[in-house]
Amino acid sequence: MSKDTAPPLPAPLAVPVADSHTHLDMQDTTVDEALARASSVGVTTVIQVGCDLKGSRWAAETAAAYENVHAAVALHPNEAPRIVLGDEGDWSRQGARAAGGDSALDDALGEIDRLAGLPQVRAVGETGLDHFRTGPEGVAAQERSFRAHIEMAKRHGKALVIHDREAHADVLRILAEEGAPDRTVFHCYSGDAEMAEVCADRGYFMSFAGNMTFKNAQPLRDALAVAPLELVLVETDAPFLTPAPYRGRPNAPYLIPVTVRAMAAVRNIGEDELAAAIMANTVRAFGLDGDTV
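Residues numbered from 1 in each chain as written. Predicted model: local features only at pLDDT ≥ 70, side-chain atom pairs only at ≥ 80, totals over all residues. Heavy atoms only, no water.

Let's talk about the overall build of the protein chain
Tallying secondary structure elements over the protein chain gives ten helices and eight strands in all. What you see for the protein chain is a C-alpha radius of gyration of 18 Å, in line with the 19 Å of a compact globule of 293 residues. Here the C-alpha coordinates of the protein chain stretch approximately 50 × 40 × 40 Å along the principal axes. Here the protein chain holds 293 residues, and the buried ones make up 53% of them. Long-range contacts, defined here as pairs at least 24 residues apart, represent 71% of the contacts in the protein chain between residues at least 6 apart. Working note: accessible area of the protein chain is about 11900 Å², and carbon and sulfur atoms make up 51% of it. (Helix = DSSP H or I, 4+ residues; strand = E, 2+ residues; numbered from the N terminus. Rg over C-alpha atoms; globule rule 2.2 N^0.38 Å. Buried < 20%, exposed > 50% of the residue type's maximum accessible area, 1.4 Å probe, protein only. Contact = heavy atoms within 4.5 Å. Areas by Shrake-Rupley, 256 points an atom, 1.4 Å probe, with all protein chains shown as cover.)

Shown next, in the form of structure tokens:
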């Protein structure tokens, strides 16, 4: 099977659930097609996440046009250093760019702040720290951007969506220093069981993605096993992190049932019970109207 071939539709969930983190703008489909396929298997609500100015504007516009799409807006942790320092590489979909300095980051944060005030924008994120892709020279820009996003989320009363890649201690430290918003979500939770206990103590939501199904992901399964059920979410991070047995092929919101069933097995509970809890948690985490999700 070609790695470009979309996986088949899974059996539908009997209890509706939400994809708490997806990137519809990066998927090889229309919004209407993506939502229809998701709905056909019980995924009735999605959080569309922006990673830069263009993507955040698109997320807000799309959420305004679709009742079951809600937006999160931010500068991704790897985007902030690119704005300040420039980037000669082409790994990002924006391509190479010149250095803009601190003033360019201030301007970009100002636009995210404007978008964060819109009613269809339910969260500020994904923000946080990424020590995997950005080197030491970008730490200051990442941290300044992260702190600014935390302040925005609190001021606008929105959820905060965290990207944490190989930066657990520093992310937790900055959240403690700044004071986390009332609703904080660790997207694509990547810590272990010990960190899950810290997040639980602080009331942070933990969102699990398809990578919890990977053979080498026992620490994620251990974390899921100890996370309080009322703090657990599910996501695709599509088109990335496609769950097994489809790893390496394109991900999309309609594959959420595959991950939900794997999560239910780890928790040793029924998929209906888990789906009901996840939907209730998503409503609470993002301040949604529970009657319309």
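After that view of the structure, there is still more to cover.
A closer look at helix α8 (residues 218-226)
What α8 keeps buried is the set Leu220, Arg221, Ala223 and Leu224. All buried residues of α8 lie within an arc of 160° about the axis, which places them on one face of the element. On the buried face of α8, the contacting elements are α7 (193-202), β7 (205-208), β8 (232-234) and α9 (256-267). (Arc of directions from axis to C-beta.)

Looking at the pattern of salt bridges
In the structure shown here, the tally under the stated rule is 16 salt bridges. In this structure, Arg155 engages Glu151 in a salt bridge whose closest nitrogen and oxygen atoms are separated by 2.7 Å. Note that Arg155 and Glu151 are positioned in helix α5 (residues 139-156) at a spacing of four residues, about one turn of the helix. Residue class for Arg155 comes out partly exposed when judged on its relative accessible area of 47%. Arg173 is paired through a salt bridge with Glu177; the nearest N and O atoms lie 3.3 Å apart. Taken together, the residues Arg173 and Glu177, both in helix α6 (residues 168-178) and four residues apart, mark about one turn of the helix. (Salt bridge = Lys/Arg side-chain N within 4 Å of Asp/Glu carboxyl O.)

Some points on the packing of α8 against α9
For the pair α8 and α9, interaxial distance at closest approach is 9 Å and the crossing angle is 65°. With respect to α9, the axis of α8 lies roughly perpendicular. Crossing handedness for the pair α8 and α9: right-handed. Of the residues in α9, those in contact with Arg221, Leu224 and Ala225 of α8 are Met263, Val266 and Arg267. Its residues assigned to classes, the contact of α8 with α9 shows four nonpolar, no polar and two charged. (Axes fitted to C-alpha atoms, helices over the stretch in contact; angles between N-to-C directions. Parallel < 35°, antiparallel > 145°, perpendicular 65-115°, else oblique. Left-handed = near helix turned anticlockwise from the far one by under 90°. Nonpolar A, V, L, I, M, F, W, Y, C, P; charged D, E, K, R; others polar.)

Overview of the packing of aromatic side chains
Each pair of aromatic rings is reported with the distance of its centres and the angle of its planes. Within this structure, the stated rule accounts for two aromatic pairs. Taking the centre distance of 5.5 Å and the plane angle of 50° together, the rings of Tyr189 and Phe208 count as tilted. Taken together, the residues span a long stretch of sequence, with Tyr189 in the loop between β6 (184-186) and α7 and Phe208 in strand β7 at a distance of 19 residues. For Tyr189, a relative accessible area of 2% puts it in the buried group. Of the residues examined, Phe208 reaches a relative accessible area of 1% and is grouped as buried. (Phe/Tyr/Trp six-rings, centres within 6.5 Å; stacked < 30°, edge-to-face > 60°.)

So, the sheet that holds strand β3 (residues 69-73)
Strand order in this open sheet of eight strands is β1-β2-β3-β4-β5-β6-β7-β8, and the pairing throughout is parallel. Every other strand in the sheet has two partners, leaving β1 (17-22) and β8 as the edge strands with one partner each. Strand after strand, the sheet turns through a mean of 30° between neighbouring axes, direction not considered. Looking at chain direction, β7 and β8 are connected through three bridges and run parallel. Across the sheet, Met206 pairs through a bridge with Val232, a residue of β8. Running at roughly 155° to strand β5 (residues 159-165), α6 makes contact with β4 (121-130), β5 and β6 of the sheet. (Pairing = 2+ DSSP bridges.)

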